[in-house]
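Listed below, chain by chain, are the residues.
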Amino acid sequence: MLAHVRPAIVLLALLSVVTGIAYPAVVTAIAQVIFPHQANGSLIVKDGKVVGSALIGQPFDDPKYFWGRPSATSPFGYNAASSSGSNQSPTNPDLIKAVQARVDALRAADPGNTMPVPVDLVTASGSGLDPHISPAAALYQIQRVAKARGMDVAAIRQLVEQHIEGRTFGLLGEPRVNVLALNLALDGKGPR
């Protein structure tokens with residue numbers, strides 16, 4: 001019996017060291033050398049202080065800022081420890097009420113805006129943490145942000161256009177705008 005148990009224990013110890021220590025250490029070292037910004041969370045630093053991550057959405061509800069996608073994480077929105085969607089079907093009455101409430105809030109924040117409300121401003125992403133909105137969602141909010149900041153609409157539009165990220169490698173995904181990066185750039189411009 002010992003002849004069968006001893007190789008199993010040695011193999012368990014060896015594989016534990018290889019897969020539990022050596023492999024993670026090598027992968028971490030490679031990531032830190034080749035992709036240090038991404039490996040450390042793609043953190044955005046302003047004035048020496050971490051203000052967020054380029055990969056995780058944040059709540060913005062002040063009219064002078066662009067608003068991101070709603071979050072369905074629990075127990076509170078934009079909870080990075082609880083990435084999830086609502087799992088409600090499109091015909092679920094609770095989802096329909098939530099979407100309508102979001103549409104009403106957007107209309108109330110910018111009553112003169114008659115453009116159709118972009119769907120990504122009223123529906124949560126699958127993760128609930130999406131840091132991006134579509135260019136249409138950013139352009140929809142220009143009037144409200146310009147009015148709240150006392151800035152020219154053309155200047156805000158130009159800033160939005162500068163922050164539109166193209167498709168990854170020119171073909172993957174859709175054009176998008178990182179809300180946190182746009183809002184930080186906005187804070188660096190004009191009156192508040």
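Because the structure is a prediction, the values reported are computed rather than measured. All residue numbers here refer to positions counted from 1 along the written sequence of the relevant chain. The model is predicted, so local features are restricted to residues of pLDDT at least 70 and side-chain atom pairs to those at 80 or more, both for listing and for counting; the totals for chains, interfaces and linings are taken over all residues. Side-chain measures were taken over the full set of non-hydrogen atoms in the model, leaving aside hydrogen atoms and water.

Caption draft 1: Structural view of the nonpolar core. Here, nonpolar core refers to any group of buried Ala, Val, Leu, Ile, Met, Phe, Trp, Tyr and Cys residues whose side-chain atoms link them within 4.5 Å. Throughout, exposure labels follow a simple rule: accessible area from a 1.4 Å probe, protein chains only, divided by the maximum for the residue type, with under 20% read as buried, over 50% as exposed, and the rest as partly exposed. Ranked by size, the top nonpolar core spans 27 residues in total, and within it Phe66, Leu106, Val117, Leu121, Ile133 and Ile156 carry the most contacts. Secondary structure counts use DSSP, requiring at least four H or I residues in a row for a helix and at least two E residues in a row for a strand, with both numbered from the N terminus. At the level of elements, helix 3 (93-109), helix 4 (135-140), helix 5 (142-149), helix 6 (153-162) and helix 7 (179-187) are the ones that each hand at least two residues to this core. Should any heavy atoms of two residues lie within 4.5 Å, those residues are considered in contact. In this structure, Leu106 is in contact with Trp67, Val117, Leu121, Val122 and Tyr140, ignoring residues within four places of it in sequence.

Caption draft 2: The arrangement of the sheet that holds strand 3 (residues 132-133) in detail. Pairing in this open sheet of three strands is antiparallel, and the strands run 3-5-4 from one edge to the other. Strands with a single pairing partner mark the edges of an open sheet, and in this sheet they are strand 3 and strand 4 (164-165). Inspection of the sheet shows strand 4 paired to strand 5 (residues 176-178) by two bridges, in the antiparallel sense. Following the sheet pairing, Ile164 is matched in strand 5 by Val177. Across the sheet, helix 7 is in contact with strand 3 and strand 5; its angle to strand 5 comes to roughly 60°. When DSSP finds two or more bridges between two strands, those strands count as paired. Only the stretch in contact is used when fitting a helix axis, every axis being a line fitted to C-alpha atoms; angles between N-to-C directions are given from 0 to 180 degrees.

Caption draft 3: Spotlight on helix 3. Along its 17 residues, helix 3 runs 24 Å from first to last C-alpha, staying within 8% of the 24 Å computed at 1.5 Å per residue. Within the span of helix 3, buried status applies to Leu95, Val103 and Leu106. Along helix 3, the residues classed as buried sweep out an arc of 75° about the axis, all on the same side. Turned more than 90 degrees off the buried face of helix 3, the exposed positions are Pro93, Lys97 and Ala108. Among the structural elements, helix 4 are those in contact with the buried residues of helix 3. Expected span, for any helix, means 1.5 Å times one less than how many residues it has. This arc corresponds to the set of directions leading from the helix axis out to the C-beta atoms.

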